[in-house]
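Structural overview for review
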Amino acid sequence: MELKDYPPPERWDDWLELDPKSWPRKVQRRYTLVPTICFNCEAACGLLAYVDKETMQIQKFEGNPIHPGSRGKNCAKGPATINQIKDPERILYPLKRAGKRGEGKWTRVDWHEVLEDIGSRIARAIREGRQNEIMYHVGRPGHERYMDRVLKAWGIDGHNSHTNICSSGARLGYQLWLGSDRPSPDYANARFILLLSAHLESGHYFNPHAQRIIEGKMAGAKLAVIDPRLSNTASMADYWLPSFPGTESALLLAMANVILQENLYNANFVRDWVNWEEYLRAEHPAIECSYENFIIEIKKIYSEYTPEFAENESGISAATITKIAREIGKAGSAFAAHIWRSTASGNLGGWNVARCLEFLHVLTGSVGTRGGVLPNTWTKYNPTFWLEPPGQKFWNQLLFPDEYPLSHYEMSYLLPHFLKEGRGPLDVYFTRVYNPVWTNPDGFTWMEVLKDESKVGLHVALTPTWSETALFADYILPMGHGGERHDLQSQETHAGRWVSFRQPVLRVAQERMGNKVNFTYEANPGKVWEEDEFWIELSWHIDPTGNLGIRKYFESPYEAGRKLRVDEYYQWIFENAVPGLPEKAATEGLKPLEYMRKYGAFEIQENVYQQHLTDVNPEGCEIDSISGVAKKGKAAVGIQIGEKIYRGFPTPSRKLEFYSPTMKIWNWPEYSIPTHIRSHIPVEDLDPSKNEFFLIPTFRLPTMIHTRSGNAKWLNEISHRNPVWMHTSDADHIEVEDGDLIKVHTEIGYFVNRVWSTEGIRPGVLACSHHMGRWRLEAEQGSRWSSALVKIEDAGSGCYRIRQLQGIVPFQSEDPDSSRIWWSDGGVHQNLTFPVHPDPISGMHCWHQKVRIEKASPEDRYGDIFVDTQKSFAIYKEWLEKTRPAPGPNNLRRPLWLTRPVRPADEMFYLK
Ligand code: SF4
């Protein structure tokens, strides 16, 4: 046998390998290799499942070399999919609550009973006009538009997501400039890369991005990293800028100032593509509306952001700021940068950091260029369907309340607070791969509400694993991992557009062998199902006769009136809605579905640069004489520049909005242009004599998912602690040593953790990874690889304590590795001790905390937690006061041009 980097696709049907466990004997094993997609973060990297043809079991997962995003490479979490599938602790059958909610008593039920019960309950709510009492709350989506279609077909406004604890901040910053809420950096071709994150090791699309950052570096690009923590990424950088958290916008605006004053900006790009005329007309009507005057004006405005001012705010030297600004100016259109979470999700006004970062792209003309940053709307593929349900005729105030007209998106983590103050009950609440009790701030408020049947009538947890939230469900429905389900996924990983196909690999392998499989749960372990088929079946149970108008969306596009099969859903999309796929498949004599089943991915377009310059056919266009915006009917389709009409950007002006009329009209005139917004924890608010610190609780470990790594044994063996990073000088000051226990006091309680004394963090700042501290209430129920057994004590008046009864210990199971567990520490759950901090504009939870540290007393134990939910509710109210509620102009709840998931009919945007 010869050595290969990847099995060639022509041999995927019958691949021969030596069995490593039989070494030194040479035992051959035959595999059929089935492509699928990793489900362990949002990057959607390709995987190849090795299914043993003799046992028809999955042996391992490796990378799919055909996949355009990941190109055969994966992080540790990709191959660990095999752990999740073979985990002896996983939930294999549908479970129904047998005792009180949260009591841990379950009985096994079959899928038919589940569908009957939930379907009839939803049907009743719809018939009674209680559509807003049905909600689907997703943690990890991993599909493109599937659920949007389902929920619209049901006619409900019930889509909730995790976005506001994750990326709302960065998204809004990008959206205001571009009309697209995600960046797609072309790192491989960049000359200068600036990261406000630990992007080589974790973060959004980090594996596809990391490989391209390294390619860029190998081709000579310089890398700068802004992060108070010396992450693995910062350690690889040419410049590490450990700025004080929350001061990044000052730093970035000082760079913008240097670029402006030293004339390093791209004058042609700024002249053509910035809405400067709109700005001058609105804000400086007394001066002549000329580009030259605009430049004079912005040079004046940003001159106050001197490098010295930024040094004073951020702690980064003026000389370093100036040097990096010049490097960015020199890189010009080949400047690539990225922010997703980090400071944008940590601080009040975090959204504005993304806006200030994008300002540097606009000034350098690195928007949409080779080596620059592309808007995600160019690089992401979204499917269309044979039958599109119309926008729903409901607006759910539990998702988009009037207080947050610009939120990006649903105010998801405030759901229990809204329910607690009587904004409405939920009748049927689905959590799907979502664990808010553990992941969100203020988890005890979540527990209080989930236990209360008057607030949540039926809680259905769709999950591949046990979770702290599933403990408070009425049904736990086991759904598949990455290799156990169908999905389409496309992500903006680079300057290309692609689509990939997640497949239930055992089902596909069975079908390759000629065996018929009706439902995916027949091929998966136990009765583990997939959502695609579940929603089709549930929709038929809600509307068996078609009278509610729902059933028709779940009928075959190929045979009227017959129930839709999952392969037909994808068949139709691949045949009709993926440009170039049918032609490509035909070159191999395959049908489009066969092609995707074989390869698992398809590149729709390479090098998707400068789409804003696409010509628009002027026929039928009406051009606004002042703005130059071209409209066909009501829809803006382009912008006239000179003699031509270009597609431009999907903003109201079709240009890059330096000036945001949206911010002005919606009551935030002080933020109508990029500016510096101070964090909710300014440095002068911290009193070192009281041991007060700034805590960063958000950083990710490269080996961890949120909840689902709990049942991946390899990942837990690598990472199982989350000590508090503290600078050595701070540790000396409070007289603690590495490994000592400290009590970290937040606004609503405390947690007890160990110190990691290190020089890899800025003095005055602490950091603790949010990935750890999983817990369970029953000795043998939960993921024992990762969770401590705990006891919750109700201390009265809304106060609760948690104490760990036992750390991680070996246990007996069918996997012999479970008796070899050598680690005992599972970390500490810090998120429980954080109140909600909703940014009044983006709605992002501002994760960063002001904390007070003291040495633990003899009574304190590792992992102890105390929380006062009355205090947390008062803090929720306090932050609510910061908002400037709808209505906006014309009685609007929200600007019509801002994106909104599962968008309702336009008429619903108006307050009655
Ligand atoms: S980056 Fe890692 S976890 Fe994320 S999809 Fe790729 S392989 Fe999976």
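In the block above lies the structure referred to throughout.
Figured I'd write up the structure that's included with this text. Predicted model only: the values in this text are computed from it and were never measured. (Residues numbered from 1 in each chain as written. Predicted model: local features only at pLDDT ≥ 70, side-chain atom pairs only at ≥ 80, totals over all residues. Heavy atoms only, no water.)

1. Regarding the nonpolar core
- By size, the foremost hydrophobic cluster in this structure holds 88 residues, and its most contacted members are Met726, Trp775 and Ile853.
- Dropping the residues within four chain positions of it, Ile853 is found in contact with Asn691, Phe693, Met726, Ile734, Ile742, Lys743, Val744 and Leu766.
- Core analysis: the next-biggest nonpolar cluster, separate from the first, contains 70 residues, Trp177, Ile259, Leu280 and Ile339 among them. (Core = buried A, V, L, I, M, F, W, Y, C linked by side-chain atoms within 4.5 Å. Buried < 20%, exposed > 50% of the residue type's maximum accessible area, 1.4 Å probe, protein only. Contact = heavy atoms within 4.5 Å.)

2. Notes on the site of the ligand
- The full set of residues close to the ligand is Cys38, Asn40, Cys41, Ala43, Ala44, Cys45, Asn74, Cys75, Lys77, Gly78, Phe206 and Asn207.
- In terms of residue class, the shell around the ligand is built from seven nonpolar, four polar and one charged. (Near = heavy atom within 4 Å. Nonpolar A, V, L, I, M, F, W, Y, C, P; charged D, E, K, R; others polar.)

3. Here we look at the pattern of salt bridges
- If you walk through the whole model with that rule in mind, you get 67 salt bridges.
- Between Arg145 and Glu388 there is a salt bridge, and its shortest N-O distance comes to 3.2 Å. Residue Arg145 is located in the loop between strand S7 (134-138) and helix H3 (146-154), and its partner Glu388 is located in the loop between helix H14 (376-379) and helix H15 (415-420); the two are separated by 243 residues in the primary sequence.
- The residue Glu531 makes a salt bridge to Arg485 at a minimum N-O spacing of 2.2 Å. Highlighted residues: Glu531 in helix H19 (residues 531-542) and Arg485 in the loop between strand S17 (475-478) and strand S18 (487-489), separated in sequence by 46 residues.
- Arg485 gets classed as buried once you look at its relative accessible area, which sits at 2%.
- Here the salt bridges do not stand alone but share partners, grouping Arg121, Glu128, Arg130, Glu133 and Asp427 into one network. (Salt bridge = Lys/Arg side-chain N within 4 Å of Asp/Glu carboxyl O. Helix = DSSP H or I, 4+ residues; strand = E, 2+ residues; numbered from the N terminus.)

4. Considerations on the side chain of Thr869
- Position of Thr869 relative to the elements: it lies in helix H26 (residues 869-880).
- Residue classification places Thr869 among the buried residues on the basis of a relative accessible area of 1%.
- A distance of 2.7 Å separates a polar side-chain atom of Thr869 from the backbone oxygen of Gly798.
- The residues contacting Thr869, other than those within four sequence positions of it, are Lys420, Asp442, Phe444, Thr445, Glu448, Gly798 and Tyr800. (Polar contact = N/O pair within 3.5 Å; in protein donor to acceptor, adjacent residues only side chain to side chain.)

5. Re the packing of helix H7 (residues 248-261) against helix H10 (residues 291-302)
- In the contact formed by H7 and H10, the axes pass within 9 Å of each other and the chain directions differ by 140 degrees. Judged by the angle between their axes, H7 and H10 are oblique. Judged by the twist between their axes, the crossing of H7 over H10 is left-handed. Along the contact surface, H7 presents Leu253, Asn257, Leu260 and Gln261, while H10 presents Ile298, Lys299 and Tyr302.
- A per-class count over the contact of H7 with H10 returns four nonpolar, two polar and one charged. (Axes fitted to C-alpha atoms, helices over the stretch in contact; angles between N-to-C directions. Parallel < 35°, antiparallel > 145°, perpendicular 65-115°, else oblique. Left-handed = near helix turned anticlockwise from the far one by under 90°.)

6. Considering the sheet that holds strand S23 (residues 635-641)
- With respect to topology, four strands assemble into an open sheet ordered S21-S22-S23-S24, the strand pairing being antiparallel. Of all strands in the sheet, those bounded by a partner on one side alone are strand S21 (622-623) and strand S24 (644-646).
- In this structure, S21 lies alongside strand S22 (residues 629-632), joined through two bridges in antiparallel fashion. Across the sheet, Ile623 pairs through a bridge with Ala630, a residue of S22. (Pairing = 2+ DSSP bridges.)

7. So, the packing of aromatic side chains
- All told, the structure shown has 54 aromatic pairs when counted by the stated rule.
- Consider the rings of Tyr279 and Phe658, whose centres lie 5.3 Å apart with planes at 90 degrees: the pair is edge-to-face. Taken together, the residues Tyr279 in helix H9 (residues 276-283) and Phe658 in the loop between S24 and helix H23 (661-665) connect sequence positions 379 residues apart. Across this residue pair, the class does not change: Tyr279 and Phe658 are buried.
- Among the aromatic residues, ring-to-ring pairing joins Trp177, Trp276, Tyr279, Tyr291, Phe294, Tyr302, Tyr305, Phe309, Phe359, Phe658 and Tyr659 into one connected group.
- When the ring centre of Phe385 is taken as reference, the NZ or CZ atom of Arg149 above it lies at 5.3 Å.
- The aromatic ring of Phe699 is capped on one face by Arg229, whose charged end is 3.8 Å from the ring centroid. (Phe/Tyr/Trp six-rings, centres within 6.5 Å; stacked < 30°, edge-to-face > 60°. Lys NZ or Arg CZ within 6 Å of the ring centre and 35° of its normal.)

Remember, this is a structural readout, not a statement about activity or role.
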